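Notes for the structure review
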Amino acid sequence: MLTKVQTNFEEKVHNLGRQGQLYIVPTLDGLKLLCLNLILLIIGLVYANNYVLLFNFILFCLFIGSMYYTHFNLRNLSLASARINPVHLGEKTNLTLTFKSKSALGHHFIGIKIKHHALAAGDLLFSFSLKDKQPSCKIEFPVEGKKRGVANLKRITVETYFPFHLFRAFTYFDLNLKTIVYPEKKLLDPFKIIEIADEKTGNEDDFYLKNFYPGDSLRRIHWKKYAQTGKLLTKQLFANEELPVQLGFSSEGLLPEQKEKELCSICYTLYELHAAGLHYGLALDKTSVEPGHSQQHLNNCLRALAEYET
C-alpha cells in the first residue's frame, strides 16, 4: 500500500514539478528514525531520564542535519547540455549529459532517472567535487532501446540520498530531446522482403563467381557450386549492370508482430547492402526512400524504419 501511494506521489510530482525546483521527502529509514525519536522523547519525559533525552537529542540532530545536507547536495546544480545517439532495439547507447555547478559543497552520489516508453535506463551514480576544480561535469548515462520508434525524452530526474539515506532530494531538468530507436538487426526472412529490379543481361557464359549477399538475385546463384562446396556463390556477369535494390514488404494481413520481424530483416539487410557497396532504397506502404549509397542515406533508411506506423 505504501509503495502504491509513493508511486502515485512520484507520478504527480514528475508531471507537475517545475524544472530546477528542489523537492525533498523522507525515506522509509528516515521515517523509522523519526518514530524512534518520538518514542525516546516520550520515554525520556515520562521517566525523567536525562541520558535517554540526550541520546534522543543526538539522533534528532542527526535527522535534521541529514535533511539539510541532502537538500544542499543538489543546490546550484544545472544541466548545460544533453545529447543521445540513435540506438537499435535491444542495444545500448549513452545519454550524454553535461552538468554545471556553483555549489561550495560539491555534489556527491547523484543518481539519474528517466521515464520513457522506448528507452530502458541503467544505473549510475556520479559525484561532482570542487576538488576537480572544473566548472562542468560530463556524464555518460547508459540507456537501452526497448521499443522501436521516434519520440521526445521530455525530462530527467536527478536525485540523491546522500549522506545517510534518511531523505531523498530530487529535481527535474527538461530536455525535449528526440530519441530514435531503430528495429533490431536480425535476419528472420532474407528473401521474402527483397525486391530487385530486372538486370540487364549479357553473355551468360561470361561471368565470375562472388560470395552471395542478401539482395543478390536468386536466379544468379550457382547451384552446382553450392552442391559441391555448400557455399552460396553468385554468378556475376562481366558486362552486367545491376539496377538498385528496393527493399519492402506488403503489410496487408500481417499481424504487428510479423511486421516487426519484417522490419528487423530489412534493417539487417540494409547494413549488408551498404557494406557490399550496392545502391538500395525503401518502399514501405506510404513511406519510400529513393535508392542511394552513403552514410546519410543509410541513416535516412533506418529513420524511416523507426518511424514506420508509429
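All figures in this text were calculated on a predicted structure; none of them were measured in a lab.

Another point: the environment of His-71. Following the sequence through the fold, His-71 ends up in helix α3 (residues 50-72). Each C-alpha atom of the pair His-71 and Arg-168 lies 8.2 Å from the other, and the pair is 97 residues apart in sequence. Leave out the neighbours within four places in its chain, and His-71 touches Leu-22, Ile-24 and Ala-169.

Another point: the state of the cysteines. Summed over all chains, the structure comprises zero disulfides. As a non-bridged cysteine, Cys-264 has Cys-267 as the owner of its nearest cysteine sulfur, 7.2 Å distant.

Let us look at the nonpolar core. Counting residues in hydrophobic clusters, the biggest one holds 28 residues, and the most contacted among them are Leu-95, Phe-99, Ile-112, Ile-114, Ile-156 and Val-158. Elements represented by at least two residues in this core include exactly β2 (77-84), β4 (92-101), β5 (107-114), β7 (125-128), β8 (136-145), β9 (149-160) and β10 (167-182). If you look at the next biggest cluster of nonpolar residues, it comprises 23 residues, including Leu-270, Leu-273, Tyr-280 and Leu-302.

What follows is about the sheet that holds β4. Across the sheet, which stays open at both edges, the four strands sit in the order β2-β4-β8-β6 with antiparallel pairing between neighbours. Both edges of this open sheet fall to β2 and β6 (119-121), since each of them pairs with a single strand only. Across the sheet, the mean angle from the axis of one strand to that of its neighbour is 35°, orientation sign disregarded.

Attention shifts here to the side chain of Ser-66. Note that Ser-66 resides in helix α3. Residue classification places Ser-66 among the buried positions, given a relative accessible area of 1%. Setting aside anything within four residues of it in sequence, one finds Ser-66 in contact with Pro-163, Phe-164, Leu-166 and Phe-167.

Here we take up the packing of aromatic side chains. This structure, assessed with the given rule, holds ten aromatic pairs. Ring plane angle 55° and centroid distance 5.8 Å describe the contact between Tyr-69 and Phe-162, whose orientation is recorded as tilted. Of this pair, Tyr-69 sits in helix α3 while Phe-162 is found in the loop between β9 and β10, placing the two residues 93 residues apart along the sequence. Residue Tyr-69 is classed as partly exposed on the basis of its relative accessible area of 32%.

Let us look at unusual backbone geometry. Cis geometry is adopted by the peptide bond preceding Pro-163, which originates at Phe-162 and carries an omega value of 10°. Among the secondary structure elements, Pro-163 is positioned in the loop between β9 and β10. Phi angles above zero are rare outside glycine, and Ala-48 is one such case at about 50°. Along the polypeptide, Ala-48 turns up in the loop between α2 (28-47) and α3.

Each value, and the rule that gives it
- Numbering of residues starts from 1 in each chain and follows the order in which that chain's sequence is written.
- Where local features are concerned, this predicted model is filtered to residues with pLDDT of at least 70; where side-chain atom pairs are given and counted, the filter is 80 or more; whole-chain, interface and lining totals use all residues.
- Side-chain measures here rest on the full set of heavy atoms in the structure, leaving out hydrogens and waters.
- For the purposes of this entry, the term helix denotes a DSSP run of H or I that reaches at least four residues, the term strand denotes a run of E that reaches at least two, and both are numbered from the N terminus.
- For this analysis, residues touch if any pair of their heavy atoms sits within 4.5 Å.
- A pair of sulfur atoms, both from cysteines and within 2.5 Å, is called a disulfide here.
- Take the buried Ala, Val, Leu, Ile, Met, Phe, Trp, Tyr and Cys residues and link them wherever side-chain atoms come within 4.5 Å; each set so joined is a nonpolar core.
- Exposure is judged per residue with a 1.4 Å probe applied to protein chains only, and the accessible area is read against the type maximum: over 50% gives exposed, under 20% gives buried, and values in between give partly exposed.
- Paired strands, as defined in this entry, are two strands with at least two bridges between them according to DSSP.
- Fitted lines through C-alpha atoms give the axes, limited to the stretch in contact for helices. The angle between two N-to-C directions lies from 0 to 180 degrees.
- The aromatic pairing rule takes the rings of Phe, Tyr and Trp, using the six-membered ring of Trp, and pairs them if the centres are within 6.5 Å, calling planes under 30 degrees apart stacked, those over 60 edge-to-face and the rest tilted.

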